[in-house]
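Given next are the chains, with one letter for each unit.
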Amino acid sequence: MKILAIESSCDETAASVVEDGRKVLSGVIASQVSEHIKFGGVVPEIASRRHAENISAVVNKALSDAELTLDDIDAIAVTYAPGLIGALLVGVNYAKALSFGRNLPLIPVHHLRSHIAANYITHPDLEPPFFCLVVSGGNTLIAEVKSYTEFNIIGRTRDDAAGEALDKAARTMGIPYPGGLNLDRIAKDGDCTAFKFPKPKVENCPYDFSFSGLKTSVINTIHNASQKGTPVNEADLGASFIKAVVTSLCTNTEKAMVDYGYNKLVLAGGVSANSVLRKEVEELCKKHNWKLYLPELSLCGDNASMVGAQGYYEYLAGNTAGLELNAYAGMEIDNIRK
Ligand code: KG4
């Protein structure tokens, strides 16, 4: 089954053709990073306008790269939640038009489910059930993936997402957008023991995360140093902050995996590209003799191939929609709304 998949939840306009959920026949991404960089973050209105301008060309290129036409496509999958509402609506409306015009099934795909599904492309042997640590710019959670379309949230952030905290730290340090990625590069040679940060804990909820205290702490460190006129070593501060975030992610994931008796860990979301996180989860899995699945770097950020992968399994589960499909800025991973 060949699915044409569309992604427009944030600042990448993307389209892919994916066969049977695992084989990527083409993948096109039009990134808007260069435009948002001058604002230090994504400007939602600009993102929506660029999606509207780019989407036809991106979809056409995905089809031509796969050497296919719409006649060869069996279904249309699209990210419908969560994300920037104006941005999501561009993809959803385009997908609805294609579905209506071609009389093709329309498959709504949850953004975080698709981040997890990036691993089905990287690892042809991976099948649920497994545990997944999902770390992106807007979400951080530990999920028990019971089947391709059944999710049980074990722990989640009570405030900021890990990516948000990394981006904010980078921004306060004057590091350009996309902050998390640039901070990772700058911190490579830093001393991760140079600065001390609190170890966040959520009372009586050992699997939940909290990153807002850590975020405030790094901002205070930077402001205090600037008020005193003391220079801050960016590499050391970045490395120490990343270490604090990664330690929190790994501590809770380890406890959840042990308590629930799982031995298969999957990493997903934009922050799964972080070099320290990848290394530390590798060590964690080695220590417990757990099997680890990391998404390939090109599939960590937003892309449409992962939407096509998850879309296939949503289709098999009967999760299709009609033209009444809407987009939603917020939605839990275990919720299905059409
Ligand atoms: O999953 P994603 O592409 O978008 C959302 O769905 O949110 O994640 C974007 C997040 C941003 O916070 C970005 O700074 C972060 O992923 N990110 C990284 C790295 N690459 C991207 N954070 C840390 N290290 C990286 N190498």
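Thresholds applied
Position labels on residues start from 1 in each chain and follow its written sequence. Under the rules for a predicted model, residues below a pLDDT of 70 receive no local features and side-chain atom pairs below 80 are neither given nor counted, while totals for whole chains, interfaces and linings still include all residues. Note: side-chain values were computed over all heavy atoms of the structure, leaving out hydrogens and water. Think of it this way: one heavy atom of a residue within 4 Å of a molecule or strand is enough to make that residue near it. As used in this structure description, the phrase polar contact means that two N or O atoms lie within 3.5 Å; if the pair is within protein, one of them must be able to donate a hydrogen and the other to accept it, and residues adjacent in sequence are counted only when both atoms belong to side chains. Areas reported here follow the Shrake-Rupley algorithm with a probe of radius 1.4 Å; residue values treat only the protein chains shown as occluding. Counting from the N terminus, the helices are the DSSP runs of H or I reaching at least four residues and the strands are the DSSP runs of E reaching at least two. Working definition: with a 1.4 Å probe on protein chains only, accessible area under 20% of the residue-type maximum means buried, over 50% means exposed, and in between means partly exposed. Strands are treated as partners if at least two bridges between them are detected by DSSP. Handedness of a crossover: with both strands directed away from the viewer, a clockwise path from the first strand across the helix to the second marks it as right-handed. Where each domain begins and ends follows an automated or database-derived domain assignment. Here, residues are in contact when the closest pair of their heavy atoms is within 4.5 Å. Two parts placed together each lose some accessible area; with a 1.4 Å probe, that loss summed over both constitutes the buried area. Salt bridge, as applied in this entry: a Lys or Arg side-chain nitrogen positioned within 4 Å of an Asp or Glu carboxyl oxygen. Disulfides are defined in this document as cysteine sulfur pairs within 2.5 Å. In this analysis an axis means a line fitted to C-alpha atoms, helices contributing only their contacting stretch, and an angle means the value between N-to-C directions, from 0 to 180 degrees. Reported orientations rely on four angle classes, namely roughly parallel under 35 degrees, roughly antiparallel over 145, roughly perpendicular from 65 to 115, and oblique for the rest. If you view the pair so one helix is near and one far, a crossing is left-handed when the near helix is turned anticlockwise from the far one by less than a right angle, and right-handed when it is turned clockwise. Polar here means any residue outside two lists: the nonpolar Ala, Val, Leu, Ile, Met, Phe, Trp, Tyr, Cys and Pro, and the charged Asp, Glu, Lys and Arg; Gly therefore counts as polar. How far a helix is expected to stretch is found by multiplying one less than its residue total by 1.5 Å. Remark: nonpolar core denotes a set of buried residues (Ala, Val, Leu, Ile, Met, Phe, Trp, Tyr, Cys) joined through side-chain atoms within 4.5 Å.

### Section: the site of the ligand
Lining the immediate surroundings of the ligand are 18 residues, of which His111, His115, Gly137, Asp167 and Gly270 lie closest. With respect to the ligand, the backbone of Gly137 contributes an N or O atom lying 2.8 Å from an oxygen atom. Taking Gly180, its main chain carries an N or O atom lying 3.1 Å from an oxygen atom of the ligand. Taking 550 Å² as the accessible area of the ligand by itself, protein coverage stands at 85%. Among the secondary structure elements, those contributing two or more residues to the shell around the ligand are helix 4 (111–122), helix 5 (162–172) and helix 6 (179–186).

### Quick word on the pairing of strand 9 (residues 264–268)
The buried fraction of strand 9 is high, at five of five residues. Alignment of strand 6 (residues 130–135) against strand 9, held across four bridges, turns out to be parallel. What sits directly across from Cys132, in strand 9, is Val266. Crossover connection from strand 9 via helix 9 (residues 275–288) to parallel strand 10 (residues 291–293): handedness right-handed.

### Quick notes on the domain arrangement of the protein
Frequently, the measure chosen for interface size is the accessible area removed from exposure when the parts meet. Segmenting the protein into domains produces domain 1 (2–116 + 299–316) and domain 2 (125–296). Centre-to-centre, using C-alpha coordinates, domain 1 lies 27 Å away from domain 2. Counting residues at the interface gives 19 residues for domain 1 and 23 residues for domain 2. For the pair domain 1 and domain 2, the summed buried surface comes to about 1700 Å²; carbon and sulfur atoms form 66% of the total. Seen at the junction of domain 1 and domain 2, the total is zero salt bridges.

### Here's the deal with the state of the cysteines
Applying the stated criterion to the full structure yields zero disulfides. With no disulfide of its own, Cys132 lies 11 Å from the sulfur of Cys300, the closest cysteine sulfur. Cys250 forms no disulfide, and the closest cysteine sulfur to it belongs to Cys285, at a distance of 8.7 Å. Judged by its relative accessible area of 8%, Cys250 falls in the buried class.

### As for the packing of helix 5 against helix 6
The interhelical angle for the contact between helix 5 and helix 6, taken along N-to-C directions, is 70 degrees, at an axis separation of 8 Å. Relative to helix 6, helix 5 is oriented roughly perpendicular. Viewed along their axes, helix 5 and helix 6 form a crossing whose handedness is left-handed. Two secondary-structure elements touch here, helix 5 through Leu166, Asp167 and Ala170 and helix 6 through Gly179, Gly180 and Leu183. Each residue belonging to the contact of helix 5 with helix 6 can be placed in one class, and the counts come to three nonpolar, two polar and one charged.

### Focus on helix 8 (residues 234–260)
Given a rise of 1.5 Å per residue, 27 residues ought to cover 39 Å, and the 39 Å separating the end C-alpha atoms of helix 8 matches this to within 8%. Burial analysis of helix 8 places 19 of its 27 residues in the buried class, which makes it a mostly covered element. Measuring from the backbone nitrogen of Ala235 back to the side-chain oxygen at the start of helix 8 gives 3.0 Å, which picks out Asn233 as the cap. Looking one or two residues past helix 8, Gly261 carries a phi angle of roughly 70 degrees, positive in sign.

### Brief notes about the nonpolar core
Within the largest apolar cluster, 44 residues are counted, with the highest numbers of intra-cluster contacts made by Phe241, Leu249 and Leu277. Among the secondary structure elements, those contributing two or more residues to this core are strand 6, helix 5, helix 7 (212–228), helix 8, strand 9 and helix 9. Here this core gets 11 residues from one element, more than from any other, and that element is helix 8. Ignoring anything within four residues of it in the chain, the contact list for Leu277 reads Val135, Val246, Leu249, Cys250, Leu267, Val271 and Ser272. Core analysis: the second largest hydrophobic core is formed by 34 residues, Val109, Cys132, Ala143 and Val145 among them.

### Structural notes on the pairing of strand 5 (residues 106–110)
For strand 5, a buried count of five out of five residues is recorded, marking the element as mostly surrounded by other parts of the structure. With burial as the criterion, each face of strand 5 is covered, one bearing Leu106, Pro108 and His110 and the other bearing Ile107 and Val109. Pairing of strand 4 (residues 75–81) with strand 5, which is carried by five bridges, proceeds in the parallel orientation. In the sheet register, Ile76 faces strand 5, and the bridge partner there is Leu106. The β-α-β motif built from strand 4, the intervening helix 3 (residues 85–102) and the parallel element strand 5 has right-handed crossover chirality.

### Let's talk about the sheet that holds strand 7 (residues 140–147)
Reading across from one edge, 8-7-6-9-10 is the order of the five strands in this open sheet, with mixed pairing throughout. Strand pairing shows two members of the sheet lacking a second neighbour, strand 8 (150–156) and strand 10, which therefore form its edges. Each strand axis lies, on average, 25 degrees off the axis of its neighbour in the sheet, ignoring direction. With three bridges connecting them, strand 9 and strand 10 associate as parallel partners.

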